[in-house]
Amino acid sequence: MLPRSAKIHKKRGNDRKDEPPAMKAIEITKGIYWVGVVDWTLRSFHGYTTSRGSSYNAYLILDEKVTLIDTVKHGFENEMLERIKSVIDPEKIDYVVSNHVEPDHSGGIPFIMKYAKNAKVVTSMPNGLKGLRAHYGEFDYQPVKTGESISIGKRTLSFLQVPMLHWPDSMMTYCPEEKILFSNDGFGQHLAASERFDDENDLSIVIEEAQKYYANILMLYGRQAAKALTDTKDFDIQMIATGHGVLWRKNVAKIVELYKKWSAADLDEKAVVVYDTMWHSTEKMARTITEALRECGISVKLFDIKTTPNSVGYYDIKKNPHADIMTDILTSRYLAVGSPTLNNQMMPTIAGFLTYFKGLSPRHHKAFAFGSYGWGGQSIGLIEDELKAAGCEIILDKIRIQEIPSTEQLEEIRQSVLAYKKA
Ligand code: FEO
């Protein structure tokens, strides 16, 4: 029998999954269970395109003190509840550890607290406490700081605050007896899968999604990510139980090495060319630049920013390619951005991309601007200004061509790219 308030919550909050089939907990190691939710249909996570869906991972530890680590996004609480109930009565939960206030992890706290009436909510001090109170009001909170721990019986849970990974409140929870790091957003991927571990999935896809996740969620906080790696370097970690996607057990060292590289902005000899075009002139320039970079031995990816128009031909923000472009930019030393001039500006598509790019605080990139124009030609200078504002080193003068690029002009572009690499 559900508490009355829980029934109301179910009616309002779980319309997507009103009557889920029996959901079972998945044991990830003896006595510790994954009780989360796979969100197969998620296609946008606050503007980040999630073409492979995601998961909201919650973990149940059966010990003298029964502990739930994180919950799920609001709307999916019943699935989590079903999984918890498959191993224990949820009223027996003693602790709910909230590693992160963002609602994709904390959204299920009010729901589960209606069952776990005597549970304490463990959260970081002061930002977790402040955030949970703002979102959900009062519970029996137990605020913790880095270095503090609680004993739950045979096991200990130690807390490490990792501010800005990905909000000011974020923390990770380490269980030394099990050698598991419950990392929340860190090391996660937006990836829906029926198997829970890295070695049960296609590793190239898992790493691609981990890179996409880092590029779009954590790249802005590279220095904080590097600090978190330093703070955890003495932890013996056999498993990373993430807040999203699959858990790492076979490739822990590999994902930690990748995080070191990404957080150091250690770039490869690769390039990204991004453009919009009206009548194909800027497109011709983009293709010429791409070929010239390839001639220089640089691996290139070319993105027409409008490659995903909706059914009536308009740019669809839900399908925006920014997240995919940033995934490649994360490890590429070079970036070329092009746009024709429209109403004395760059195309809004490119302006949107540059705003997104700048917001992620890229480091160590070498860049240049290009574009064709009919008259005026302001877009190229405006792009260069944005690239500078984003911290890029400008390596080629603005490449501007009025009207249609001739064969000779395209050859001049090629030569200028080759000359830069020879210099
Ligand atoms: Fe997965 Fe910052 O939440």
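Here's a quick rundown of the structure.

Calculation rules
Residues numbered from 1 in each chain as written. Predicted model: local features only at pLDDT ≥ 70, side-chain atom pairs only at ≥ 80, totals over all residues. Heavy atoms only, no water. Phe/Tyr/Trp six-rings, centres within 6.5 Å; stacked < 30°, edge-to-face > 60°. Helix = DSSP H or I, 4+ residues; strand = E, 2+ residues; numbered from the N terminus. Buried < 20%, exposed > 50% of the residue type's maximum accessible area, 1.4 Å probe, protein only. Lys NZ or Arg CZ within 6 Å of the ring centre and 35° of its normal. 1 Å grid on protein atoms, 1.4 Å probe; cavity = no way out; pocket = protein on both sides within 12 Å on 5 of 7 lines; lining within 4 Å. Points joined across faces, edges and corners; volume = space filled by probe spheres on them. Nonpolar A, V, L, I, M, F, W, Y, C, P; charged D, E, K, R; others polar. Patch = residues over 30% accessible without salt bridge, like charges linked within 9 Å, V, L, I, M, F, W, Y side chains within 5 Å. Areas by Shrake-Rupley, 256 points an atom, 1.4 Å probe, with all protein chains shown as cover. Salt bridge = Lys/Arg side-chain N within 4 Å of Asp/Glu carboxyl O. Pairing = 2+ DSSP bridges. Axes fitted to C-alpha atoms, helices over the stretch in contact; angles between N-to-C directions. Right-handed = clockwise from strand over helix to strand, strands pointing away.

Overall, the coordinates contain twelve aromatic pairs when judged by the stated rule. Taking 4.4 Å as the distance between ring centres and 20° as the angle between the ring planes, the aromatic pair formed by Tyr174 and Phe235 counts as stacked. With Tyr174 in strand 14 (residues 171-175) and Phe235 in the loop between helix 7 (222-231) and strand 16 (239-242), this residue pair connects regions lying 61 residues apart in the sequence. By relative accessible area, Tyr174 is classed as buried at 8%. Exposure remark for Phe235: the relative accessible area of 26% places this residue in the partly exposed category. Between Phe353 and Phe357, the ring centres sit 6.0 Å apart and the planes meet at 25°, which makes this aromatic pair stacked. A residue pair is termed a helical-turn pair when its members lie 3 or 4 positions apart in one helix, as Phe353 and Phe357 do in helix 11 (residues 348-359) at four residues. Phe357 carries the same exposure label as Phe353, and that label is buried. Within the aromatic cluster, the residues linked to one another by ring pairs are Phe187, Tyr214, Tyr259 and Trp262. Just above the ring of Trp34 sits the side chain of Arg196; from NZ or CZ to the centre is 4.2 Å. Positioned over the ring face of Phe197 is Arg249, at 3.7 Å from the centre of the ring.

With that settled, the discussion passes to empty space enclosed by the protein. For the structure on display, the rule yields three cavities of 30 Å³ or more. Size it by volume and the largest cavity reaches roughly 70 Å³. Considering the residues around the largest cavity, the lining is formed by Tyr214, Met219, Trp262, Ala265, Leu267, Leu330, Ser361, Pro362, Arg363 and His365. Split into classes, the residues belonging to the lining of the largest cavity amount to seven nonpolar, two polar and one charged.

Attention now moves to a nonpolar patch on the surface. A cluster of nonpolar side chains, contributed by Met278, Trp279 and Leu342, occupies part of the molecular surface with about 340 Å² of accessible area. In this structure, Leu342 sits in strand 20 (residues 341-342). Taking the relative accessible area as the measure of exposure, Leu342 reaches 30% and is therefore partly exposed.

All right, on to the layout of surface pockets then. The space that makes up the largest pocket amounts to roughly 300 Å³. Along the wall of the largest pocket there are 18 residues; nearest its centre are Met278, Thr341, Tyr373, Gly374 and Trp375. The set of elements that each furnish at least two residues to the lining of the largest pocket consists of helix 9 (281-295), strand 20 and strand 22 (366-373). Each residue belonging to the lining of the largest pocket can be placed in one class, and the counts come to seven nonpolar, ten polar and one charged. There is about 220 Å³ of room inside the second largest pocket. Listed by contribution, the elements that provide at least two residues to the lining of the second largest pocket are helix 6 (203-218) and helix 10 (322-329). Looking at the lining of the second largest pocket element by element, the count peaks at four residues for helix 6. Here the residues of the lining of the second largest pocket are counted per class, giving no nonpolar, three polar and seven charged.

Below, the discussion takes up the sheet that holds strand 11 (residues 141-144). Sheet architecture is open: seven strands sit in the order 1-2-7-8-9-10-11, paired in mixed fashion. Each end of this open sheet is capped by a strand with a single partner; those strands are strand 1 (26-29) and strand 11. Direction aside, neighbouring strands of the sheet carry axes that sit 25° apart on average.

Let us now look at the pairing of strand 10 (residues 120-124). In terms of burial, strand 10 is largely enclosed, as four of its five residues are buried. Two strands pair when backbone bridges link them, and strand 9 (residues 93-97) and strand 10 are joined in this way by three bridges, in the parallel orientation. By the bridge assignment for strand 10, Val96 is matched with Val121. What joins strand 10 to strand 11 is helix 5 (residues 127-136), and the crossover it makes is right-handed.

With that settled, consider the sheet that holds strand 12 (residues 149-151). Across the sheet, five strands lie side by side as 12-13-14-15-16; this open sheet has mixed pairing. Bordering the open sheet on either side are strand 12 and strand 16, each of which pairs with just one other strand. Direction aside, the axes of adjacent strands within the sheet are offset by 20° on average. Pairing of strand 13 (residues 156-161) with strand 14, which is carried by four bridges, proceeds in the antiparallel orientation. When the sheet's bridge partners are listed, Leu160 is paired in strand 14 with Met172.

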